[in-house]
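Secondary and tertiary structure notes
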Amino acid sequence: MPRPIPAIAVVGAGLRSSVYAAEAARTGAARIVAVAEPDEERRLRFCEAHGIPAGAAFSDWRDLLDQPRLADAIIIGTQDRMHVEPAVAAAAKGYHILLEKPIAPSAAEAAEVVHAAERNGVMLAVCHVMRYSSYTQAVIRLIRDGAIGRVVDIQHLEQIGWWHFAHSFVRGNWSQEESSTSMLLAKACHDVDWVSYVMGAIPRRVSSFGSLTHFRESEKPKDASDRCWDCPISPTCPYSAKRLYLGCLGDPDKEFWPLSAVTTDATPAGVERALRNGPYGRCVYSADNDVVDNQIVSMEFADGATASITVTAFAALEHRKTRIFGTRGSIEGDGVRLRVHDFASDTMTEITVTGNDDASMAGGHGGADAALAQAFFEAVRENDPSRLLTDGQGSLATHGVVWAAEHARRTGTVVTID
Ligand SMILES: NC(=O)c1ccc[n+]([C@@H]2O[C@H](COP(=O)([O-])OP(=O)(O)OC[C@H]3O[C@@H](n4cnc5c(N)ncnc54)[C@H](O)[C@@H]3O)[C@@H](O)[C@H]2O)c1
């Protein structure tokens, strides 16, 4: 007998939850049956999209979680500092949880979430989407099959993209550590998790360097205004909000992301209003951002292998690029294609995986978002945590590497991880 399609509740009907919910609707692998979202326009649109009755729509997660359990699982897609309370409450109600990263800004809060899930016997899937892409799975297969011998070093580059960085980390939700978290946790918890996954281990020691090098008042060009709309240098500024957001109009993917974070009025007048008055129209050199724009992390593993991660604003928004050096060969990957060099035969094999070239959220992170959502829905339907590629403890461990790296950066030390 096929098992019933799982019912899912959603906390925070923002960009991320909408992606996972749309995947449920597209595939029929899950039914979205309840939502909590304070923004009325978003809530109504979400209810309409998923046929959620008014009685199952709430303006706050507390109201949803005050009800008897309404679904088998819950998607928690609130902002970074609003994960812990709903996750702990949802675990206590017996919901399996798909939780956006980071679990929480601090180790103590993140442990509280993981322990709540364990105590209540529910699955906790943290949205480390990169693990689920067919590209990553091809890398894992090659390494586990011994194609390049023992991995000795990984060079990994996360190119956030100059305009994406300006959108999210200078003008947007992740620009200030106090209201979100460090750039490394917000963005590169994926990369630290990915490298640990590929290595099959947590590093033993880490160091890190990085700072806010560019998006600061001291770098502001002469003649630049505090807002982009009327700025005389906007036509030649790489970070012009005017160019970026007007350029999204007419492209449904870009109107979803990044534009829907800026305005719900996807017209030239709507964009102008948002940029004249809202946070996304500020000059990147006069915003109130404080997170770093460039950072490197170095890692050493127990067997002596090493890895380095570069996370930078100053690049095109593309898939991560990785080189993996092994004792019998090496792999060079660009997120879609893998070039595998076998030393013994001195031959090169090229593998192209399924997925797409769009590394951005608008492109579903190259297919990874959809793969994660499907794995979670299947895990819930089959009550089978093995469908998930990491669990609460696994995510907590790789978040721990991020906190250690941040500590190393701030203190100028090498940090040993227990
Ligand atoms: N896994 C990834 O690759 C990835 C990518 C981008 C963002 N994220 C993470 O996803 C999370 C959400 O990001 P987003 O861009 O979707 O944010 P968003 O701001 O679009 O969505 C958050 C939603 O939560 C709602 N909300 C606020 N208070 C609430 C409450 N009391 N009850 C219920 N809902 C409430 C907001 O109104 C908003 O609609 C963040 O933690 C972010 O870091 C993950």
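Preceding this paragraph is the structure being described.
Heads up: these notes are all about the structure in this document. On a predicted model such as this, the values are computed, not experimentally measured, just so you know. (Residues numbered from 1 in each chain as written. Predicted model: local features only at pLDDT ≥ 70, side-chain atom pairs only at ≥ 80, totals over all residues. Heavy atoms only, no water.)

1. Some words on the pairing of strand β13 (residues 337-342)
Relative to β13, strand β12 (residues 329-333) is paired through five bridges, and the arrangement is antiparallel. Bridge pairing in β13 places E332 opposite R339. Hairpin connection between β13 and strand β14 (residues 347-352): a loop of four residues separates the two successive antiparallel strands, and D346 in this loop has a positive phi of roughly 50°. (Pairing = 2+ DSSP bridges. Helix = DSSP H or I, 4+ residues; strand = E, 2+ residues; numbered from the N terminus.)

2. Here's the deal with the sheet that holds strand β4 (residues 73-76)
A sheet is described by the order of its strands in space; here six strands give the open sequence β3-β2-β1-β4-β5-β6, paired in parallel fashion. The sheet is open, and its two borders are formed by β3 (57-58) and β6 (124-126), each paired with just one other strand. The pairing of strand β1 (residues 7-11) with β4 spans four bridges and is parallel. Note that in β4 the partner of V11 across the bridge is I76.

3. So, helix α6 (residues 134-144)
Of the positions making up α6, those classed as buried are Y135, T136, A138, V139, I140, L142 and I143. G146 sits one or two residues past α6 and shows a positive phi near 80°. (Buried < 20%, exposed > 50% of the residue type's maximum accessible area, 1.4 Å probe, protein only.)

4. Let's talk about the pairing of strand β10 (residues 306-312)
Relative to β10, strand β7 (residues 151-159) runs parallel, the two sharing seven bridges. Following the sheet pairing, D153 is matched in β10 by T306. Bridge count between strand β9 (residues 294-300) and β10: seven bridges; the pairing is antiparallel. Across the sheet, residue I296 finds its bridge partner in β10, namely T310. Where β9 hands over to β10, the hairpin turn is made up of five residues, of which G304 adopts a positive phi near 95°.

5. Here's the deal with the side chain of H399
Following the sequence through the fold, H399 ends up in helix α13 (residues 392-411). Not counting chain neighbours up to four residues away, the residues in contact with H399 comprise P102, I103, A104, V126, H128 and L185. (Contact = heavy atoms within 4.5 Å.)

6. Description of the site of the ligand
Around the ligand lies a shell of 24 residues, among which R16, E37, R42, D80 and E100 are the nearest. Measuring from an oxygen atom of the ligand, one finds a side-chain N or O atom of K101 at 3.1 Å. Separating an oxygen atom of the ligand from a side-chain N or O atom of W174 is a distance of 3.2 Å. Surface burial for the ligand is 87%, taken as the share of its 860 Å² of free accessible area covered by protein chains. (Near = heavy atom within 4 Å. Polar contact = N/O pair within 3.5 Å; in protein donor to acceptor, adjacent residues only side chain to side chain. Areas by Shrake-Rupley, 256 points an atom, 1.4 Å probe, with all protein chains shown as cover.)

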